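# Residue-level structural notes
For reference, the chains in residue letters:
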Amino acid sequence: MTRRIPPEEAYTRAEVEAAIAALTDDELAKLELEAELRARVLGTRRREGRDAHDLLQQALLDSLTPGSRQWRRGLSFPRHMTMVMRRIANPWTKKAASG
């Protein structure tokens, strides 16, 4: 269950698009490393063919999708992305543990 953020506390899609475009090479490299580490910890079996690139792309897509993974005002965009990747990867782990 996702906790909804009131609209006035969330960045708009246009602001998310601007934040993605403004990511520095260093910030992007750190996000790629975070995705790689999360994917590596899960292992191949748990990821079901998904890799670090898939995890990062899903986090970006979810952040752009209204009502999905909203970016709360006051939180840096790289931190938001790290949290979104964690939330996406968590069910991968639970699914692997139950199956």
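Just above sits the structure.
By volume, the second largest pocket is sized at about 150 Å³. What lines the second largest pocket is a set of 15 residues, and nearest its centre among them are Tyr11, Thr12, Arg13, Pro66 and Gly67. For the lining of the second largest pocket, the secondary structure elements donating two or more residues are α1 (13-22) and α3 (52-64). Residue composition of the lining of the second largest pocket, grouped by class: seven nonpolar, six polar and two charged.

Turning to the nonpolar core, a few remarks are in order. Counting 20 residues, the largest nonpolar core has Leu56, Phe77, Met81 and Met85 as the members making the most contacts within it. Elements represented by at least two residues in this core include exactly α1, α2 (25-47), α3 and α4 (77-98).

With the rule as written, the count across this model stands at seven salt bridges. Of the charged contacts, one joins Glu36 and Arg40 as a salt bridge, the two residues approaching to 3.5 Å between their closest N and O atoms. Of this pair, Glu36 and Arg40 both sit in helix α2, four residues apart, roughly one helical turn. Its relative accessible area of 33% is what places Glu36 among the partly exposed residues. The exposed category is assigned to Arg40, whose relative accessible area is 56%.

Thresholds, definitions, all that
- Residues numbered from 1 in each chain as written.
- Predicted model: local features only at pLDDT ≥ 70, side-chain atom pairs only at ≥ 80, totals over all residues.
- Heavy atoms only, no water.
- 1 Å grid on protein atoms, 1.4 Å probe; cavity = no way out; pocket = protein on both sides within 12 Å on 5 of 7 lines; lining within 4 Å.
- Points joined across faces, edges and corners; volume = space filled by probe spheres on them.
- Helix = DSSP H or I, 4+ residues; strand = E, 2+ residues; numbered from the N terminus.
- Nonpolar A, V, L, I, M, F, W, Y, C, P; charged D, E, K, R; others polar.
- Core = buried A, V, L, I, M, F, W, Y, C linked by side-chain atoms within 4.5 Å.
- Buried < 20%, exposed > 50% of the residue type's maximum accessible area, 1.4 Å probe, protein only.
- Salt bridge = Lys/Arg side-chain N within 4 Å of Asp/Glu carboxyl O.

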